[in-house]
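Given next are the chains, with one letter for each unit.
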Amino acid sequence: MVRRNPKNPVKQSGGRGHQSSANTGGGSGFVRIISGKWRGRKLPVKNVEGLRPTTDRVKETVFNWLAADLYDAKCLDVFAGSGGLGLEALSRQAEHVTLLELDKGAAAQINLNLAALKADNATVKNVDALQFLGQPGQAFDVVFIDPPFRKDLLNDVIDKLENNGWLSANAIIYIEAEKEFGLPVVPNHWDMIKEKHAGQVSFRLYQREEK
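Here's what I pulled together on the structure shown here.

Parameters and conventions
- Residues numbered from 1 in each chain as written.
- Predicted model: local features only at pLDDT ≥ 70, side-chain atom pairs only at ≥ 80, totals over all residues.
- Heavy atoms only, no water.
- Phe/Tyr/Trp six-rings, centres within 6.5 Å; stacked < 30°, edge-to-face > 60°.
- Pairing = 2+ DSSP bridges.
- Helix = DSSP H or I, 4+ residues; strand = E, 2+ residues; numbered from the N terminus.
- Axes fitted to C-alpha atoms, helices over the stretch in contact; angles between N-to-C directions.
- Salt bridge = Lys/Arg side-chain N within 4 Å of Asp/Glu carboxyl O.
- Buried < 20%, exposed > 50% of the residue type's maximum accessible area, 1.4 Å probe, protein only.

Some words on the packing of aromatic side chains
Part 1 of the argument: By the definition in use, this model includes six aromatic pairs.
Part 2 of the argument: Through successive ring pairs, a cluster of aromatic residues spans Phe63, Phe144 and Tyr174.

What follows is the structure, encoded as structure tokens:
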């Protein structure tokens, strides 16, 4: 996964990129799909200033957690970046993935990668995530939230997801944030079922229980 470098402020919906290689010079990195029907495929990533690469280790852990929840699931990636989480979910038999990405070039690259995979069960929306989630929504089974560092977006996203109809009755929500942020504020009927830390990052899995 790729985190925004806190020393280089970025637009709010740029998200992480889930790259497996460092960007060098003016070139692009790549996203590697680690399991499923496209296992091992490497796809180009738009070189966006302020992104820095991390290993696939966190992504592998997260998708091991989600192994029983992705088949035929409707998924939402709120801050898509390279689309790495969405592509991984599709590779592991998700029914459909919607990816929100503010950066126009990054969103275009996700569409190119989906075309290369001949994946027609994904929708990329070049939008501001908070504005998009502020409207009445459709219910998703699995939601990925990995906002840019130090932008204070997470609690607002959680509130919009819960109150605007974006979550199915027993949705699974993945949240990744800087460790210093501490625990996010979540509704009482969200139960944290997994938690782990890696470097500056904490990542957690929540199970929403039907009210």
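Some words on the sheet that holds strand S10 (residues 190-198)
Part 1 of the argument: Pairing in this open sheet of seven strands is mixed, and the strands run S7-S6-S5-S8-S9-S11-S10 from one edge to the other. The outermost strands of the open sheet, each flanked by one partner alone, are strand S7 (122-125) and S10. Ignoring which end each strand starts from, the neighbouring axes of this sheet average 15° apart.
Part 2 of the argument: In the sheet, strand S5 (residues 74-77) pairs with strand S8 (residues 140-145) via three bridges, with the strands oriented parallel.

Things to note about the pattern of salt bridges
Part 1 of the argument: Per the stated rule, a full pass over the model turns up seven salt bridges.
Part 2 of the argument: Its salt-bridge partner being aspartate 56, residue arginine 32 comes within 2.6 Å of it at the nearest N-O pair. With arginine 32 in strand S2 (residues 29-32) and aspartate 56 in the loop between strand S4 (51-53) and helix H1 (57-65), the pair connects residues that are 24 residues apart, well separated along the chain.
Part 3 of the argument: A salt bridge links arginine 204 to glutamate 195, with the shortest nitrogen-to-oxygen separation between them at 2.9 Å.
Part 4 of the argument: Assessed through its relative accessible area of 5%, arginine 204 is described here as buried.
Part 5 of the argument: Here the salt bridges do not stand alone but share partners, grouping Lys59, Glu88 and Arg92 into one network.

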